[in-house]
Every structure is written in structure tokens, then in C-alpha cells.
Number of protein chains: 2
Amino acid sequence: MQNLTRRALDKAARRADILAAALTVFAANGFASARLDDVAREAGIAKGTLYLYFADKQALFEGLIKENLAPIPVMADDVISIFEDTTENLIRALAGMLLARIQTPDVRQVMQLMIADGYRFPELVAFHYREVVTPGLAAITAIVKRGIARGEIRDTPESAALLRHPQMLFAPFLTIVVWNMTFHEIAPLDEHQFAEDYITLLLGGLRAGEQA
Amino acid sequence: MQNLTRRALDKAARRADILAAALTVFAANGFASARLDDVAREAGIAKGTLYLYFADKQALFEGLIKENLAPIPVMADDVISIFEDTTENLIRALAGMLLARIQTPDVRQVMQLMIADGYRFPELVAFHYREVVTPGLAAITAIVKRGIARGEIRDTPESAALLRHPQMLFAPFLTIVVWNMTFHEIAPLDEHQFAEDYITLLLGGLRAGEQA
DNA sequence: ATCGTATGACTGACGGGTCAGTCAGTCAAT
DNA sequence: ATTGACTGACTGACCCGTCAGTCATACGAT
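Residues numbered from 1 in each chain as written. Chains lettered and ligands numbered in written order. Predicted model: local features only at pLDDT ≥ 70, side-chain atom pairs only at ≥ 80, totals over all residues. Heavy atoms only, no water.

Quick notes on the UniProt feature "DNA-binding region" (unreviewed entry) in chain A
(1) Moving on: Following the UniProt record, one finds the feature "DNA-binding region" (unreviewed entry) at residues 35–54 of chain A.
(2) Moving on: A distance of 15 Å separates the end C-alpha atoms of residues 35–54 of chain A, which is 75% helix and 0% strand. (UniProt positions renumbered as here; feature names shortened; annotations may be inferred. Helix = DSSP H or I, 4+ residues; strand = E, 2+ residues; numbered from the N terminus.)

Here's what the structure looks like:
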């Protein structure tokens, strides 16, 4: 039994090694141009060993995305139900957590891969939508409703618009990733400031002469 | 002389044929997986002919992006300097034009290619930044300043945030493209409604109890 | 008008490099 | 001795880029 455990641990560790190596190589080249020879070398194993853990290149890619993307939105619901402070501070707190997540190099690389190559794998898209997008949008909706109930968010066309398209609250983070993936060398974005500015704008609005 | 003109026209037309075929094939497969054999067949020419018009696969890709992306922001400045109506209507008018642009299939495909593959070609990134992004951000800045000068946009931290990061006004359009490129089959976005909702939110803001 | 020559756009079979996936054999552990 | 994880040389399909050859047209000479 202990042997079996030991074996299982070894296998799990090796699998993790492979995924880490795959992330490096896929992120550097994109799916189509990434070489499995490079993944094997990076992982310190022979190419044949890859095929003991993953059926083919696509399975490796999908495994990579799935295991790195899934944990992202889990925390939000817990935070929301516990949080006692104002909606504004709740939004800022969650935005800070989200920003920290997407600034983690691994997560950033997985997001870039999902944006650049992910849409070519329908099963992956479905998984992503189910495990990440749906709970994420639900969390945003919950925040807005909580804010309206507490009288901190206006029950007006503005909040109706956000409830209709909760994606708008995620838009700045997507923009950050795409911008810095493309223009990082030429005009890097101050990601923290950008997120702050977005929240400021969203809460206050632009129109002059606004009344409560 | 007439012959020469005739020839030149033929060549230009053929070049356009090739670019159109290349857009189809690259958009369907991405840069790395696209086959030049397919481009040639789609264009109705032999593969060798491709190389009479473009040095290699990369040059074809770059030509494709450059010729389709460059014309986008030219119009904005003209519109802004002529426009007489309120800032709100100016923003809605420009958003409508932008939406129409990115809903054009060719433009949509080029944007997707730029997002998915573009960042791997530094010269292309520099071109894109210089010819599209810079004038686009300048146009947004001009709109906001005009609105403040006319007293229609509040001269507050909100507008300061937008002036610091004019990208925020383009963010919804980027979100639309990325969302529908990934989730179109599974949960298509109503692009027109999304753009409207974003403007509504941006102008009015979420916070309750707001004063002028 | 007719013929011969020059031009250059176009063709498509092919060379050669690349890389996903295979499998016969090795090795370590029990 | 047996099991099963691991290896890495190998195969073959794939596809970019080339180039020797074709052909339609232009043009000068008669």
C-alpha cells in the first residue's frame, strides 16, 4: 500500500513536471509551433514518456489549460458571503485579488494561451465556460445585487446594464492581458493603476450634472 | 503606356486576390497551421506565384494585417472636429461606427489574427501601435477634453482616470471580439446591446447618492 | 500583315527540413 | 523472473520555398 502511494506520488509529480514544462514551451511558441521534443527536454524526460501521461499533443494542451484555469473563481463566492464592508470596498478587494491572480506568471501564460489558441478546441471552450466564466459572472451579479440591496449601487439603467452584461467588470482585466501580451515592449501598462482607474470610472461615471 | 497601366492593374488585382485568399486561410487555421498550398488554391493560382508577390509566409501575413488594419482610425479625427452635437451623442456616434467596423467580417478576422498571432511579429506590433493604436487613443483623448470644455463631462477623478487610460473606451470592443471569437457557439453576445450598455454605465456610473 | 524574338508572369513537381507519434529494447524494483 | 516505467532512435507525413520550364503577349523587322 505504501508502495502504491509512493508510486502514485511519483507519477503525480512527474505529471506536474510535464505540465510545467509544457506551459513554458507552449507559452513561448503557441500551440502549433511548440515542439514536444522541447517539452520533453524541459521536463527532463524522453519524448516517449510524454505519451505515457498524455494521449497526444492536444491532450497535453488541454490538460494544461484545465488544471491552471479552473481554480480561479472559486474564492469569490466565499468572500462575497462573508464580506461586511461597503460594496465599493468589496469590488476593490476582489479586483485586487483578481489582479494578483492574473499577474501570476503561470496564470498569465495560461490566459494568453486560452486567448490565442484556446478557441480552436471546442471541448476546452465548453469546459472553460462552465468552470470559469459562469461562476465568475455569477459572482459579479451577486456583488451588484448586494450593492443595490444595501443602497450603495443605484437601481437605475446603469446597474441594469451591468447586470445584463457582467462581462463589463471583467473587461479591464482582459484588456490588461491582451495589451501587455501585445504591447508590453513598446508601451507597458501600469496594471494596478489601470484597474484602479477603471473602478473609479465605473463607480462615478463621466456625465456632468448627475443627481442621486 | 496603356499596356503598362493594364499590367499594373492586373498585378494589383492579383495581389488583392492573394490577400483575400490568405485572410480566409489564415483566419481559419492561424498563422502556423495555415498552408500556403491552400492559399494558392483559394486564390486560383500556383504556389510559386505567391512568391512573386510576397517574400515568404511571414511577409504575406504582415501584408494582410497592415492593409486591413491601417484604415480604421482615420475617420475619427475628422468627425470629432466637425461634430456639433453633445459629447454623449458624439460618443454614441463613434461607438456605432467602430462597432460597424469590427462587425465587418474581414476586419473581425484581421483583429482575431492580430490578437492570436500578431504579437509574435515585433515589426507588425510596432506598425499597429503607430498606425492604429496611437491615433485611436488620441481621438478618445480629444473627445474627453472636448466634453470637459463643453461642461458635459465632469472634470473630476473619473475623467482624469479615462484620460490616463483612454484604452478603457476601447476595452468593450476588444471584449466583444475576444468573447465572440471564443464563446460565439456557446453563448453569443449581443454586440450592439453590449456596446450600448457599456456607454450607459460609463456615462452614469454605479454609485448611489452621486452629486454634480 | 507576318514572322521571329524578347519579356516576364506563371506553373507545379520536387528537395529537404521538421516534428508528431511509435515501438523494440533497457532498467529498476519487487 | 516478472512487471511496468522509461528511453530515444526511427518513421513517415507534412509543408515551405525553389527553380527549370511554359506560355501569352509585346515589339521590331521585313
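Next comes the rest of the description.
Observations concerning the pattern of salt bridges
(1) Moving on: The final tally for this structure, using the stated rule, is 26 salt bridges over all chains.
(2) Moving on: The partner of R108 of chain A in a salt bridge is E191 of chain A, and the shortest N-O contact between them spans 2.7 Å. Separated by 83 residues along the polypeptide, R108 of chain A in helix α7 (residues 105–116) and E191 of chain A in helix α11 (residues 191–204) bring together distant segments of the chain.
(3) Moving on: The buried category is assigned to R108 of chain A, whose relative accessible area is 13%.
(4) Moving on: A single salt-bridge network, built from bridges that share partners, covers E88 and R92 of chain A together with R154, E158 and R207 of chain B. (Salt bridge = Lys/Arg side-chain N within 4 Å of Asp/Glu carboxyl O. Buried < 20%, exposed > 50% of the residue type's maximum accessible area, 1.4 Å probe, protein only.)

Some points on the side chain of Q167 of chain A
(1) Moving on: Within the secondary structure, Q167 of chain A sits in helix α10 (residues 167–183).
(2) Moving on: For Q167 of chain A, a relative accessible area of 9% puts it in the buried group.
(3) Moving on: Setting aside residues no more than four positions away along its own chain, Q167 of chain A makes contact with L137 of chain A together with W179, L189 and F194 of chain B. (Contact = heavy atoms within 4.5 Å.)

Here's the deal with the protein's contact with DNA strand C
(1) Moving on: By nearness alone, 15 residues border DNA strand C, and A34 and K47 of chain A together with A46, T49 and Y53 of chain B come closest of all.
(2) Moving on: Here a phosphate oxygen of DNA strand C and a backbone polar atom of A34 of chain A are 2.8 Å apart.
(3) Moving on: Within the contact set of DNA strand C, a phosphate oxygen lies 3.0 Å away from a backbone nitrogen or oxygen of K57 of chain A.
(4) Moving on: Where the surface near DNA strand C is concerned, the elements lending two or more residues are α3 (47–53) of chain A together with α3 (47–53) of chain B.
(5) Moving on: The greatest single-element share of the surface near DNA strand C, amounting to four residues, is contributed by α3 of chain B. (Near = heavy atom within 4 Å. Polar contact = N/O pair within 3.5 Å; in protein donor to acceptor, adjacent residues only side chain to side chain.)

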